[in-house]
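Observations on chain architecture
Letter by letter, the chains look like this.
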Amino acid sequence: MQGKLIIFEGVEGCGKTTQIQLTSQWLQSLGIEAVVTREPGGTELGVDLRRLLLETGKNHIASRTELLLYAADRAQHVEQELKPNLASGKFVLCDRFIYSTIAYQGYGRSLDMDLINQLNQIATAGLVSDLVFWFDVDAEIGLQRKRSSGEIADRIEEEKIDFHKRVQQGYGELAKTYPEFIIRIDASLSKESIQQQIQDKLSKVIIN
Ligand code: Z5A
């Protein structure tokens, strides 16, 4: 049986990592094997690419270079992690996927959407997700949460607020375009209420 690829998306600090952990625990409690992974950084090579992409204070990375590095991370992730786990019937919970590239490099950096779509196509080699949860929260609130968590800001978090607002707008446009498989979650709600909504939606996927 083919597994299910479930994607968690949103601006920084939207709460996706928290919800992935809770969802994984819930699935395990039902006896369903779940793999948790992320982009960038879901493979050994990806860990190195993630460091290059997110560390601060290094050489300037041109926008097209950044796009290609995310695509390289994804191509490796799809081959080495996503496809094998899905082929063995597992639930894969993935922190970010192609929608991040559309939102960050497309809306945030204003790179050409056709180019982004072509690269996403090459990187995924036709692999499509089964469901996407979009954690909808104001960019300012997300960044505030990140600052309060005490984590050191990475290269993308250091971008100006207008960049983060364009990213948030990009997610909104995506959710409008693909309402049938991008599920909007009001990420300003409590962690418990968000997790309940995720479980309600995923229960239907499990039955199917
Ligand atoms: N990126 C890109 O540009 N292009 C691409 O194609 C891809 C990625 C794939 C990866 O970062 C970076 O790469 C990202 C986009 C870019 N930009 N940045 N920066 P990431 O995904 O690894 O990291 P992040 O986006 O900064 O997310 P995060 O640190 O993992 O945060 P999060 O998952 O959204 O939230 P969290 O860790 O679950 O929660 C953050 C804090 O809020 C924490 O203290 C929680 O306890 C708290 N929290 C969580 N939920 C709630 C609720 N409901 N209420 C109140 N507080 C909450």
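Quick summary incoming for the structure in this document. (Residues numbered from 1 in each chain as written. Predicted model: local features only at pLDDT ≥ 70, side-chain atom pairs only at ≥ 80, totals over all residues. Heavy atoms only, no water.)

Quick look at the overall build of the protein now. When you go through the protein residue by residue, the secondary structure sums to eight helices and five strands. Along the longest, intermediate and shortest principal axes, the C-alpha atoms of the protein span 45 × 35 × 30 Å. Relative to its full complement of 208 residues, the protein shows a buried share of 50%. In the protein, of all internal contacts separated by at least 6 residues, the share reaching a separation of at least 24 is 81%. Just so you have it, the protein exposes about 10,400 Å², and 51% of that area is on carbon and sulfur atoms. The protein carries 24 positive and 29 negative side-chain charges, and their two centres are separated by 1 Å. (Helix = DSSP H or I, 4+ residues; strand = E, 2+ residues; numbered from the N terminus. Buried < 20%, exposed > 50% of the residue type's maximum accessible area, 1.4 Å probe, protein only. Contact = heavy atoms within 4.5 Å. Areas by Shrake-Rupley, 256 points an atom, 1.4 Å probe, with all protein chains shown as cover. Lys, Arg positive; Asp, Glu negative; His and termini not counted. Charge placed at Lys NZ, Arg CZ, Asp CG, Glu CD.)

Now for the pairing of strand 3 (residues 91–95). Most of strand 3 sits inside the fold, with five of its five residues counted as buried. Side chains of strand 3 alternate between two faces, with Phe91, Leu93 and Asp95 and Val92 and Cys94 buried alike. Sheet topology note: the strand 1 (residues 4–10)/strand 3 ladder contains five bridges and is parallel. For isoleucine 6, the partnering residue across the bridge sits in strand 3 and is leucine 93. (Pairing = 2+ DSSP bridges.)

On to the site of the ligand. Surrounding the ligand, one finds 31 residues, the nearest of these being Thr17, Thr18, Arg96, Thr101 and Lys146. Glycine 15 has a polar backbone atom sitting 3.1 Å from an oxygen atom of the ligand. Lysine 146 is positioned with one of its side-chain polar atoms (N or O) 2.7 Å from an oxygen atom of the ligand. The pocket occupied by the ligand, as judged from atoms lying within 2 Å of grid points, is the largest pocket. Those elements giving two or more residues to the shell around the ligand turn out to be helix 1 (16–29), helix 2 (44–54), helix 3 (63–87), helix 4 (98–108), helix 6 (139–148) and helix 8 (191–207). Among the elements that take part in the shell around the ligand, helix 4 stands out by supplying four residues, more than any other. (Near = heavy atom within 4 Å. Polar contact = N/O pair within 3.5 Å; in protein donor to acceptor, adjacent residues only side chain to side chain. 1 Å grid on protein atoms, 1.4 Å probe; cavity = no way out; pocket = protein on both sides within 12 Å on 5 of 7 lines; lining within 4 Å. Sits in = over half its atoms within 2 Å of the grid points.)

As a further point, take the sheet that holds strand 2 (residues 34–38). Judged by pairing direction, the sheet is parallel, and its five strands sit side by side in the order 2-3-1-4-5 without closing on themselves. Two strands lie at the open edges of the sheet, namely strand 2 and strand 5 (182–186), each paired on one side alone. Taking the axes of each pair of neighbouring strands and ignoring which way they run, one obtains an average angle of 20° across the sheet. Pairing geometry for strand 2 and strand 3, over five bridges, is parallel. By the bridge assignment for strand 3, arginine 38 is matched with aspartate 95. This element, helix 3, spans strand 1, strand 2 and strand 3 of the sheet and lies at about 165° to strand 2. Strands in contact with helix 4 are strand 1, strand 4 (131–136) and strand 5; relative to strand 1, the strand with the most contacts, it is inclined by about 20°. (Axes fitted to C-alpha atoms, helices over the stretch in contact; angles between N-to-C directions.)

The next point concerns the pattern of salt bridges. A complete count under the given rule lists 14 salt bridges for this structure. In this structure, the salt-bridge partner of glutamate 66 is arginine 155, at a minimum N-O distance of 2.7 Å. In this pair, glutamate 66 is assigned in helix 3 and arginine 155 in the loop between helix 6 and helix 7 (161–177), connecting sequence segments 89 residues apart. Arginine 155 shares its class with glutamate 66; the two are buried. (Salt bridge = Lys/Arg side-chain N within 4 Å of Asp/Glu carboxyl O.)

Quick look at the nonpolar core now. Core analysis: the largest hydrophobic core is formed by 54 residues, its most contacted members being Leu5, Tyr99, Phe133, Phe135 and Leu202. Sorting elements by how many residues they give to this core places helix 3 first, with six residues. Not counting residues within four places of it along the chain, the set of residues in contact with tyrosine 99 comprises Ile7, Glu9, Ser129, Val132, Tyr171, Leu174, Phe181 and Ile182. (Core = buried A, V, L, I, M, F, W, Y, C linked by side-chain atoms within 4.5 Å.)

Burial analysis of helix 4 places ten of its eleven residues in the buried class, which makes it a mostly covered element. Residues of helix 4 that are buried include every one of Ile98, Tyr99, Ser100, Thr101, Ile102, Ala103, Tyr104, Gln105, Gly106 and Gly108, and no others. Tucked inside the fold, the buried residues of helix 4 contact strand 1, helix 3, helix 5 (113–124), strand 4, helix 7 and strand 5. Downstream of helix 4 by a residue or two, serine 110 has a phi angle that is positive, lying close to 60°.

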